[in-house]
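Structure assessment
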Amino acid sequence: DARDEDALRTAARAALTAARDRTRLLTTCVDEAELTAQHSPLMSPLVWDLAHIGNQEEQWLLRAVAGREPMRPEIDSVYDAFEHPRAERPALPLLPPDEAHRYAAEVRGRALDVLDTSVLRGSALVDAAFAFGMIAQHEQQHDETMLITHQLRKGPAALTAPEPAAVTSPPKAREVLVPGGPFTMGTSTEPWALDNERPAHRRDVAAYWIDTTPVTCGAYLEFMADGGYEEPRWWDPAALPHMREHGLVAPLFWRREGGQWLRRRFGVTEPIPPDEPVLHVSWYEADAYARWAGRRLPTEAEWEKAARHDPAADRSRRYPWGDADPTPDRANLGQRHLRPAAAGAYEAGQSPLGVRQLIGDVWEWTASDFLPYPGFVAFPYREYSEVFFGGDHKVLRGGSFAVDQVACRGTFRNWDYPVRRQIFSGFRTARDARPEEAHGQAEVR
Ligand code: AVJ
Ligand code: FE
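Keep in mind that this is a model prediction, so the values were computed, not measured.

Calculation criteria
Residues numbered from 1 in each chain as written. Chains lettered and ligands numbered in written order. Predicted model: local features only at pLDDT ≥ 70, side-chain atom pairs only at ≥ 80, totals over all residues. Helix = DSSP H or I, 4+ residues; strand = E, 2+ residues; numbered from the N terminus. Rg over C-alpha atoms; globule rule 2.2 N^0.38 Å. Contact = placed C-beta atoms within 7 Å. Pairing = 2+ DSSP bridges. UniProt positions renumbered as here; feature names shortened; annotations may be inferred. Buried ≥ 20, exposed ≤ 12 C-beta atoms within 10 Å, placed from the backbone. Axes fitted to C-alpha atoms, helices over the stretch in contact; angles between N-to-C directions. Near = placed C-beta within 6 Å. Nonpolar A, V, L, I, M, F, W, Y, C, P; charged D, E, K, R; others polar.

1. Regarding the overall build of the protein chain
Along the protein chain, the regular secondary structure elements total nine helices and 14 strands. Taking 2.2 N^0.38 as the reference for a compact globule, 445 residues should give roughly 22 Å; the C-alpha atoms of the protein chain span a radius of gyration of 22 Å, in line with that estimate. A principal-axis box enclosing the C-alpha atoms of the protein chain has dimensions of 65 × 55 × 40 Å. Pairs at least 24 apart in sequence give 80% of the contacts found in the protein chain among residues at least 6 apart.

Below you can see the structure in the form of structure tokens.
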């Protein structure tokens, strides 16, 4: 009815506004030279992301949903992510910063106009609302990408934020047993879930143990001190040429000085915080650590069962804590802080079995390749997810401190190459349960 339609419009407007506030922060806290510079060949100039955000919004909302004529068709190809690899984007005829800001703002003005004045009703409005939700998620994903660019940039800090909350009551156990059995993976009902999260389907998962927190820098330092990087048996054979070629001996942004490991984080150099989840590791590093620890990475299904399955009701929930939206006491999301909270924080966000920080803090590498769920249908176009399926990308789950809640939920799937580590990536570990443990009640150790 009309009230539901008002609620859809209000939610879409709020999500778009939050995304734009963040985009503005990330693109106004440095000068024009820094906006057009390439801070790393791994990343686009910030001004590319800015106009790309506007161009996608123009294509999906103004043209596809509202049927408007193209505003600037000649720039489509410049902002097509598939046509131009990131390393080549600085050489493109990019809109200069003031024009990019103006273009994105003009598109937004028209998009809000469509939202407020369109005569869409009922299911047509629900479909349009999905498009608005998808656009808000797309902008927030690029905001996270721009935050990665900020982390890679040299020079003094351009961003500041308060420290995340400290650990008040640590988890009782380091790992918990998740009993074997089926659970519902993915969703057919979450309104803004993307194509790759759909449809909901049953998955049988054998009993396993999973860490109650992400792996910390302190634990990772033990792996390094034990010669972990020099011991080929811990490493996937595919990692070795890459590790040698780049001389990798520690997570990205770490360096050794006077017998101590330091790291650079958003323009500030600091000692490695031992209790914080390790960040900026590749899938290969996560996998090697897990083997060294006598463990393994959880599969994507194991991660999602730990994050969503409510054993009492035998039902999958939206988040580890239930169906309610994230709040600042449940999860470290949305760039409210510029780092993960210490391992064991966010008791209010734990799962029924006591697993913490599944949502927020660090993206968690899983053992799984990025593949479609049974019954997958590409939407709204193949290039969002389908072209990335296959064996080249590993799935990351749960979101980092840098992702907004609109683009993070129990079903949300991220993916990247196993060598990637400028992203806000960490991990937790798991292991198979022994047969005699497999059918027991959930227990903690
Ligand atoms: C889902 C984060 C891998 O950044 O490449 C942005 C999201 N897709 N624009 C990416 C995305 C199109 C995507 N990831
Ligand atoms: Fe994009």
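Here the narrative resumes, following the displayed structure.
2. A few points about the sheet that holds strand 13 (residues 425-426)
One open sheet holds the four strands; their spatial order is 12-11-10-13, and the pairing between them is mixed. The outermost strands of the open sheet, each flanked by one partner alone, are strand 12 (413-416) and strand 13. In this sheet, strand 11 (residues 394-397) lies alongside strand 10 (residues 363-369) in antiparallel orientation, the contact comprising three bridges. Bridge pairing in strand 11 places Glu364 opposite Arg397.

3. Observations regarding the UniProt feature "binding site: gamma-L-glutamyl-L-cysteine" (unreviewed entry) in the protein chain
What UniProt calls "binding site: gamma-L-glutamyl-L-cysteine" (unreviewed entry) maps, in this numbering, to Arg86, Ala87, Glu88, Arg89, Asp416 and Arg420. Structurally, the position occupied by Arg86 is in the loop between helix 3 (46-65) and helix 4 (97-117). You can call Arg86 partly exposed: it has 17 C-beta atoms within 10 Å. In contact with Arg86, other than residues within four places in its own chain, are Leu42, Met43 and Ser44.

4. Considerations on the sheet that holds strand 6 (residues 260-265)
The three strands lie next to each other as 5-6-7, forming an open sheet whose pairing is antiparallel. Of all strands in the sheet, those bounded by a partner on one side alone are strand 5 (254-257) and strand 7 (268-271). Averaged over all pairs of adjacent strands, the angle between strand axes in this sheet comes to 35°, irrespective of strand direction. Inspection of the sheet shows strand 6 paired to strand 7 by four bridges, in the antiparallel sense. Note that in strand 7 the partner of Arg263 across the bridge is Glu270.

5. Here's the deal with the site of ligand 1
Close contacts around ligand 1 come from His138, Gln141, His142, Thr145, Asn414 and Trp415, and that covers them all. Those elements that place two or more of their residues in the shell around ligand 1 are helix 5 (122-152) and strand 12. For the shell around ligand 1, the leading source of residues is helix 5, giving four residues. Here the shell around ligand 1 is composed, by residue class, of one nonpolar, five polar and no charged.

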